[in-house]
Amino acid sequence: MRKKQCVAMLLAGGQGSRLGILTKEMAKPAVPYGGKYRIIDFPLSNCSNSGIGVVGVLTQYQPLELNAYIGSGSPWDLDLTNGGVFVLPPYVKGKRGEWYRGTANAIYQNIGFIQQFNPDYVLVLGGDHIYKMDYNAMLTYHVKKQADATIAVLEVPWKETGSFGIMDTDAEDRIVKFEEKPKQAKSNKASMGVYMFTWSKLRHHLERDEADPKSSNDFGKNVIPAMLREDQRLYAYPFEGYWKDVGTVESLWESNMDLLRQPMPIDLDDKRWRIYARNPGMPPHYIAPGGKVDSTLITEGCEVFGEVRGSVLFAGVQVEAGAQVLDAVVMPRAIVARGAKIQRAIVAEDAVIGPGCLVGEPEGDIAVVGPGAVLPAGTVVPAGAQIEAATS
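These notes cover the structure that comes with them. (Residues numbered from 1 in each chain as written. Predicted model: local features only at pLDDT ≥ 70, side-chain atom pairs only at ≥ 80, totals over all residues. Heavy atoms only, no water.)

This brings us to the sheet that holds strand E28 (residues 352–353). An order of E16-E19-E22-E25-E28-E31 is seen for the 6 strands of this open sheet, with the pairing classed as parallel. The sheet is open, and its two edges are formed by strand E16 (286–287) and strand E31 (374–375), each paired on a single side. With 2 bridges joining them, strand E22 (residues 318–319) and strand E25 (residues 335–336) adopt parallel strand pairing. From the neighbouring strand, Gln318 faces E25, where its bridge partner is Ile335. (Pairing = 2+ DSSP bridges. Helix = DSSP H or I, 4+ residues; strand = E, 2+ residues; numbered from the N terminus.)

Next up, the structure:
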């Protein structure tokens, strides 16, 4: 393989347990978002737009749908002869296989993959965030600072600092302290889970971390603190713009609702920085003469005979006459039958909401109907409830 300046490694193996039944049989990065995307489209598109031509996607939990979706990488222009996108599941070494034990161990297990490109730098990404970011600008910053590691940071509200890894920096943005979910934060610069490393330094620390039997093999808990203790050159890269961790049902619903705000906080129509996706070919959406649609994002193939307000409808959704969809996210090919009402809810792929069903409530937690679930006529799903498909 020809030498590459920078190789990206995208961590996409997490279970995403806080998304409940939405990720019971699907890796979190494969979860649909925004009418025609999946979460993983954002880091993959960022890599493509940033000119990073080698991306290793590390899969583990329920990888089938994610693997099929990524395919050859052509939607993101990552089907390259010398590079491209590579799906990297755990594999057997010797007589046994070994699951990825943590974020750092996942990269450690793929040192051989990285080394074949002989990169100067390695970019480590999470697969569960919605944002647009120029990784090449971050690489330029990293080189200018002569950094061993650079961590992208976003200033968050002070009341939320206890939910993030927080960076304390000096006047030159050099990181002097890192705290994982501090109770009393001295800074509000939160790690975005986007790391740029000088490869020689990262490899050294991965090998040392792997040799430590007490380590949990995690970047935030182990590798980054170890580099700080050894006075390595770690810098914070300030990011301004929309960034959303969609790790919970509530945040996934909120991030979809954000697309209905004016102006839209993340421009998905920006021709200069497109978010690419693998989409099925479908006819244009259809709104019947009796249908009512207001403040809603509607994707190709939808048929609306009822009322839809303040919602996001994915490809192939059907809303029958007399049905109401209010402040809801309805994923591909779901059917909302006559007289059903959905409010503050997420309806997953291929679900069927039977006639007269009530899903969700005007207030309270988000209700969820799982992939392929079929609700009999008149079913009531209260706020916060999660209904999964029946198993035969």
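Picking up after the structure, the text goes on.
Now for the layout of surface pockets. A volume near 1700 Å³ is recorded for the largest pocket. Looking at the largest pocket, it is lined by 50 residues, and the ones nearest its centre are Arg18, Lys28, Asp128, His129 and Asp245. Elements supplying a minimum of two residues to the lining of the largest pocket: helix H3 (103–108), strand E8 (121–126), strand E12 (175–180), strand E13 (189–198), helix H7 (219–229) and strand E15 (243–245). The element contributing the most residues to the lining of the largest pocket is E13, with 4 residues. For the lining of the largest pocket, the class distribution of residues is 18 nonpolar, 21 polar and 11 charged. There is about 360 Å³ of room inside the second largest pocket. (1 Å grid on protein atoms, 1.4 Å probe; cavity = no way out; pocket = protein on both sides within 12 Å on 5 of 7 lines; lining within 4 Å. Points joined across faces, edges and corners; volume = space filled by probe spheres on them. Nonpolar A, V, L, I, M, F, W, Y, C, P; charged D, E, K, R; others polar.)

What follows deals with the pairing of strand E1 (residues 6–11). Of all 6 residues making up E1, 6 are buried, and the element is well covered by its neighbours. Neither face of E1 is exposed, since Cys6, Ala8 and Leu10 on one face and Val7, Met9 and Leu11 on the opposite face are all buried. Relative to E8, E1 runs parallel, the two being bridged by 6 bridges. The partner of Leu10 across the bridge, within E8, is Leu125. (Buried < 20%, exposed > 50% of the residue type's maximum accessible area, 1.4 Å probe, protein only.)

Moving on to empty space enclosed by the protein. All told, the structure shown has 1 cavity of 30 Å³ or more when counted by the stated rule. One number sums up the size of the largest cavity: a volume of about 30 Å³.

A few words on unusual backbone geometry. Residue Pro263 is bonded to the preceding Gln262 through a cis peptide linkage, with omega at -5°. Checked against the element boundaries, Pro263 lands in the loop between helix H8 (249–258) and E16. Not every positive phi belongs to a glycine, and Asp231 is a case in point at roughly 60°. Inspection of the secondary structure assignment puts Asp231 in the loop between H7 and strand E14 (234–238). A positive phi angle is found at Arg344, which is not glycine, with a value near 50°. The topology assignment puts Arg344 in the loop between strand E26 (341–343) and strand E27 (345–347).

Under the counting rule described, the total for this entry stands at 13 aromatic pairs. Between Tyr195 and Phe197, the aromatic rings sit 5.9 Å apart at their centres with planes inclined by 40°, giving tilted as the arrangement. When sorted by exposure, Tyr195 lands in the same class as Phe197, which is buried. Relative to Phe219, the ring of Tyr195 lies with its centre 5.5 Å away and its plane at 35°, an arrangement referred to as tilted. Of this pair, Tyr195 sits in strand E13 while Phe219 sits in helix H7, and the two are 24 residues apart along the sequence. Just as Tyr195 is buried, Phe219 falls in that class too. One aromatic cluster in this structure is built from Tyr33, Tyr37 and Phe42. The positively charged end of Arg344 is found above the aromatic ring belonging to Trp253, 4.8 Å away from the centroid. (Phe/Tyr/Trp six-rings, centres within 6.5 Å; stacked < 30°, edge-to-face > 60°. Lys NZ or Arg CZ within 6 Å of the ring centre and 35° of its normal.)

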